[in-house]
Amino acid sequence: QHPQVPSSLLRQSQGQFQELVLTEGERKLLAKEGVALPTQLPLTQYEERVLKKIRRKIRNKQSAQESRKKKKEYIDGLESRMSACTAQNQELQRKVLHLEKQNSSLLEQLKKLQALVVQSSNKAAQTGTCIAV
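Predicted model only: the values in this text are computed from it and were never measured.

Brief notes about the nonpolar core
If you look at the biggest cluster of nonpolar residues, it comprises 10 residues: Leu-20, Leu-22, Leu-29, Leu-30, Val-35, Leu-37, Leu-43, Val-50, Leu-51 and Ile-54. Secondary structure elements with two or more residues in this core: α2 (24–32) and α3 (45–132). Ranked by residue count, the leading element in this core is α3, at 3 residues. If near-sequence neighbours (up to four positions away) are discounted, Val-35 is found in contact with Leu-30 and Val-50.

Structural notes on a positive patch on the surface
Judged by side-chain charge, Lys-28, Lys-32, Lys-61 and Arg-68 come together as a positively charged surface patch. At the level of elements, α2 and α3 are the ones that each hand at least two residues to the positive patch. Relative to the assigned elements, Lys-61 resides in helix α3.

Conventions we followed
Residues numbered from 1 in each chain as written. Predicted model: local features only at pLDDT ≥ 70, side-chain atom pairs only at ≥ 80, totals over all residues. Heavy atoms only, no water. Core = buried A, V, L, I, M, F, W, Y, C linked by side-chain atoms within 4.5 Å. Buried < 20%, exposed > 50% of the residue type's maximum accessible area, 1.4 Å probe, protein only. Helix = DSSP H or I, 4+ residues; strand = E, 2+ residues; numbered from the N terminus. Contact = heavy atoms within 4.5 Å. Patch = residues over 30% accessible without salt bridge, like charges linked within 9 Å, V, L, I, M, F, W, Y side chains within 5 Å. Areas by Shrake-Rupley, 256 points an atom, 1.4 Å probe, with all protein chains shown as cover. Salt bridge = Lys/Arg side-chain N within 4 Å of Asp/Glu carboxyl O. Lys, Arg positive; Asp, Glu negative; His and termini not counted. Charge placed at Lys NZ, Arg CZ, Asp CG, Glu CD.

It is worth stressing that arrangement in space is one thing and function is another; only the former is reported here.
Dropping the structure here:
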């Protein structure tokens, strides 16, 4: 339309162009990559590709952060469960040891009682035969 007027002036003078709004993260990443975008739309194809690339990098970064956060929460949960299971396991091992000792003691008592029963039945049988004669 106005070939002698630079496009930067057209962007400022024509009210139909919208302002390009960038987030802080987008501005930082653009500066880091050494790319400057105009403040008004429309963008050239190159500028659009650069902006899409920057936005994709930001999404990927956010996704990676979220993934690391979820992984950390998962690992923390596993560690907590492991700690609880370890404590429960130790308690059960103590109970098993106590019950094994108790079982051993009861077996000893049973053997002694059985020996007494055998001994007393032998005496009773001898006495019984003596009486019957």
